[in-house]
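As a plain string of letters, each chain reads:
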Amino acid sequence: MKLYEYEAKNIAKQYGVPVPRGRVAFTPLEARQVASEVGGEVVVKAQVLVGGRGLAGGVKFASSPEEAVEVASRLLSSEIRGVKVSAVLVEEKICISRELYLSLTIDRAARKPVFLVSEMGGVEIEDLARRYPGKIKRIYIDPEVGYTSYMARIALTALNLPWSLIGDLDSLLKSMYRIMVEYDAELVEFNPLVLTCDGRVVAVDAKIIVDDNSLQRHPELQKLHGREYLDFERRAKELGFSYVELDGDIGVISNGAGLTMATMDSILYYGGRPANFLDIGGGATRDRVKEAVKLMLQHPRSRVLLVNIFGGITRCDEVALGIVDALGEVGGLKPIIVRMLGTNEEEGRRILREHNIDSYVEMDEAVKAAVEASRRG
Ligand code: GDP
Ligand code: MN
């Protein structure tokens, strides 16, 4: 389960990690209050659990409490990548000299925690890995030994930080490892960790993902589990779809339980992870398909939507029209990959082609394309 930035920062702070001064606000007035407590320029950040928030307009600056109110009320009435913003984090604006990347995660193959360290901060780790594969330093922790201070020296060099910061970096890494162990975290990430204009290191963004399997050990978190998707599941149910939330990043629309399960298996087989699935059932009309596709394009975690339809009672042309309608209303949120065959397949394919949507005949091909797209994000 992913924690909100402000929750992750509260934890980080308790473990001595330097984070900007500020706190969460749920109303514009609260935002004003925090901004005046903090003083000077502030940053107002939408609290949503989707990545790329900054690029999606979820990170704003304000130079006075009055401006903070305006910015906060705009953010609090907006959606970031399809997710309603119900809280903002108001913090001092940090003067940034360099943006760095620092995270601690589990390397499943090595069966060890590993620090990922890079001078190229601010970019999402997946992009970082793709664009600058040589720029990520990996520092493994032997779980039987735990964190050891020499790791800070390696990290310091990789981050190209001055020697004077070795003590700060050492306690930062040590805190990250303690957070990982004590919270059963799969990920503790500061992106960016910044070098400030006055030569300090500060965690400007924070992300903690707690292993869902450990939630019984964290009753305070267990209460919160699934909160971000309850609304989404509720919407799917209200529309009368059979919908299941999973934890990956590929959204799936299919028809019939058998084909849906086969699609799940195939995604896992090709190394992908389904975010959810929605079964549109038999004989879905254009309108139903439109509703399903619209909803699924707005899912906060999925990075690509795979539509896998076998046309029996369901007609492929109706499905195609529904997809086109949905894209007309909420297009561009994420790539969509269609596989269909069966009743009125040719007409369906023609409609999609007219709108520059490719469709696959073979399920394997479509699944492979979806897995690739999920990696590209
Ligand atoms: P994300 O887009 O959800 O990862 O949001 P971040 O919190 O990482 O912020 C995105 C970007 O906004 C950062 O990489 C910084 O470039 C910028 N930013 C965020 N907070 C501050 C701040 O306090 N001062 C300055 N100068 N830039 C900031
Ligand atoms: Mn970030």
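Placed above this text is the structure.
None of these values were measured; they are calculated from a predicted model. (Residues numbered from 1 in each chain as written. Chains lettered and ligands numbered in written order. Predicted model: local features only at pLDDT ≥ 70, side-chain atom pairs only at ≥ 80, totals over all residues. Heavy atoms only, no water.)

Peer 1: Tell me about the site of ligand 1, and please be specific about residues and values.
Peer 2: Close to ligand 1 lie 16 residues, the nearest being Lys45, Arg53, Gly54, Ile94 and Glu99. The separation between a nitrogen atom of ligand 1 and a polar main-chain atom of Ile94 is 2.8 Å. Interatomic distance of 3.2 Å between a backbone N/O atom of Asn191 and an oxygen atom of ligand 1. Out of a free accessible area of 560 Å², ligand 1 has 80% covered by protein chains. Listing elements by their share of the shell around ligand 1, those giving two or more residues are β2 (42-46), β3 (59-62), β7 (96-107) and β10 (185-196). No fewer than three residues from each of domain 1 (21-92) and domain 2 (96-215) sit in the shell around ligand 1. (Near = heavy atom within 4 Å. Polar contact = N/O pair within 3.5 Å; in protein donor to acceptor, adjacent residues only side chain to side chain. Areas by Shrake-Rupley, 256 points an atom, 1.4 Å probe, with all protein chains shown as cover. Helix = DSSP H or I, 4+ residues; strand = E, 2+ residues; numbered from the N terminus. Domains from an automatic or database assignment.)

Peer 1: Can you lay out the packing of aromatic side chains for me, pointing to particular residues and giving the numbers?
Peer 2: In the structure shown here, the tally under the stated rule is six aromatic pairs. With a centroid separation of 6.3 Å and an interplanar angle of 65 degrees, the aromatic rings of Tyr15 and Tyr183 are classed as edge-to-face. Note that Tyr15 is positioned in the loop between α1 (5-14) and β1 (22-25) and Tyr183 in helix α6 (residues 166-183), a separation of 168 residues in sequence. Just as Tyr15 is buried, Tyr183 falls in that class too. Geometrically, the ring pair formed by Phe232 and Tyr243 is tilted, given 5.5 Å between the ring centres and 55 degrees between the ring planes. One end of the pair, Phe232, is in helix α8 (residues 227-238); the other, Tyr243, is in strand β13 (residues 242-245), and eleven residues separate them in sequence. Residue classification places Tyr243 among the buried positions, given a relative accessible area of 4%. (Phe/Tyr/Trp six-rings, centres within 6.5 Å; stacked < 30°, edge-to-face > 60°. Buried < 20%, exposed > 50% of the residue type's maximum accessible area, 1.4 Å probe, protein only.)

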